[in-house]
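Listed below are the residues making up each chain.
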Amino acid sequence: MTRTGRMVLLTLAALAVAMWTAGCATVQPWERARLANPCMVFDYNGGQADFASHWQSAREGSSGGFGVQGGGCGCK
Amino acid sequence: MQTLSRVFTATGLAAVVLLFGLTASPAALDVRGAVAGQQAPALRLPTADGTYLSLADQKGNVVLIDFWASWCAPCRHAFPAIDQLFVDFRSRGFRVIAVNLDEKRQDAVDFLVARPHGIDVVFDPRGDSARAFGLTGMPSSYLIGRDGTIRYAHAGYTDKVLDAYRLEIERLLSEPAGGEHTR
């Protein structure tokens, strides 16, 4: 394959990837049934999560970085 | 060296296309939510028994349109409170249309069976009405004045907003039915 051919191929590939990526859709608020499912929450058992974070900070000196507030509910 | 610069050019071009694609995607072009002062979008949806309920038929009444789904915790919380609003104000010309947005009707039916209610529930599994109103969150509710314009819009629900609802409904109900913007 010539150098030009390779370049054309590369450019086409890059364009294709770009277009696929741009195809991402926003999930609308009323389409979040699956996201709001309790099984989507990382720490479903709040007490257990608190306990885990307690011993992690006590034994391992690690704390923080345990996800964000709100879990999986996509309500707002 | 020339090849390298071409690679950069191609990557740059791809980035431009990507950015363009992202901004031009339908989601980015979404109109913002329906706002107070606008005429309410048309709403005509089936109830549980298959008869259609239309917002246009409610002209002259103050209408609360509540968009909800059984999977949404604050919606579940708001449902009985909104039903109570209906009980309190119905005699003065207040109606509630609760638009259910569950994809599976059975989820909504299971929820409703467990909660006796007086408000009208209509079903929109495809979410066309939600799109028309441009919902920004769940639950969303819109208070429609007697003249059919949106007067108040709420997204989300906590018990604290209930007093605001009462105040707003009271205010809208006290407006004359044949006000200046009517028909």
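Above: the structure in question.
Our subject in this report is the structure included herewith. (Residues numbered from 1 in each chain as written. Chains lettered and ligands numbered in written order. Predicted model: local features only at pLDDT ≥ 70, side-chain atom pairs only at ≥ 80, totals over all residues. Heavy atoms only, no water.)

**Considering the packing of aromatic side chains**
Residues and elements named next belong to chain B.
Right, on to step 1. Across all of its chains, the model carries 7 aromatic pairs over all chains by this definition.
Right, on to step 2. Pairing Phe79 with Phe111 gives two aromatic rings, centres 5.3 Å apart and planes at 85 degrees, and the pair type is edge-to-face. Residue Phe79 is found in helix 3 (residues 73-89), and its partner Phe111 is found in helix 4 (residues 105-113); the two are separated by 32 residues along the sequence.
Right, on to step 3. Linked through ring pairs, Phe67, Phe133 and Tyr142 together constitute an aromatic cluster. (Phe/Tyr/Trp six-rings, centres within 6.5 Å; stacked < 30°, edge-to-face > 60°. Helix = DSSP H or I, 4+ residues; strand = E, 2+ residues; numbered from the N terminus.)

**Some points on the pairing of strand 6 (residues 140-144) of chain B**
All names here are of chain B.
Right, on to step 1. Taking burial as the measure, the 5 residues of strand 6 include 5 buried ones, the bulk of the element.
Right, on to step 2. Direction of pairing for strand 3 (residues 62-68) relative to strand 6: antiparallel, over a ladder of 5 bridges. Each residue of the ladder has a partner; that of Asp66, found in strand 6, is Ser141.
Right, on to step 3. Alignment of strand 6 against strand 7 (residues 150-155), held across 5 bridges, turns out to be antiparallel. Across the sheet, residue Ile144 finds its bridge partner in strand 7, namely Ile150.
Right, on to step 4. Hairpin connection, strand 6 to strand 7: the antiparallel pair is bridged by 5 residues, and Gly148 has positive phi, about 90 degrees. (Buried < 20%, exposed > 50% of the residue type's maximum accessible area, 1.4 Å probe, protein only. Pairing = 2+ DSSP bridges.)

**So, the environment of B:Glu168**
Residue and element names in this part refer to chain B.
Right, on to step 1. Relative to the helices and strands, Glu168 is located in helix 6 (residues 161-173).
Right, on to step 2. For Glu168 and Gly145, which are 23 residues apart along the polypeptide, the C-alpha to C-alpha distance reads 9.9 Å.
Right, on to step 3. Leaving out residues up to four positions away in the same chain, Glu168 has contacts with Leu143, Tyr152 and His154. (Contact = heavy atoms within 4.5 Å.)

**Focus on the nonpolar core**
Right, on to step 1. Within the largest apolar cluster, 53 residues are counted, with the highest numbers of intra-cluster contacts made by B:Ile65, B:Phe94, B:Val99, B:Phe133, B:Leu135, B:Met138 and B:Leu143.
Right, on to step 2. If you tally residues by element for this core, the top one is helix 3 of chain B, at 8 residues. (Core = buried A, V, L, I, M, F, W, Y, C linked by side-chain atoms within 4.5 Å.)

**As for unusual backbone geometry**
Right, on to step 1. In this chain, B:Met138 is followed by B:Pro139 through a cis amide linkage whose omega measures -10 degrees.
Right, on to step 2. In this fold, B:Pro139 is placed in the loop between helix 5 (128-133) and strand 6.

**Quick look at helix 6 of chain B**
Right, on to step 1. End to end, helix 6 of chain B covers 18 Å across 13 residues, agreeing with the expected 18 Å (1.5 Å per residue, within 8%).
Right, on to step 2. On the buried face of helix 6 of chain B, the contacting elements are strand 3, helix 3, strand 4 (94-100), strand 6 and strand 7 of chain B. (Expected span 1.5 Å × (residues − 1).)

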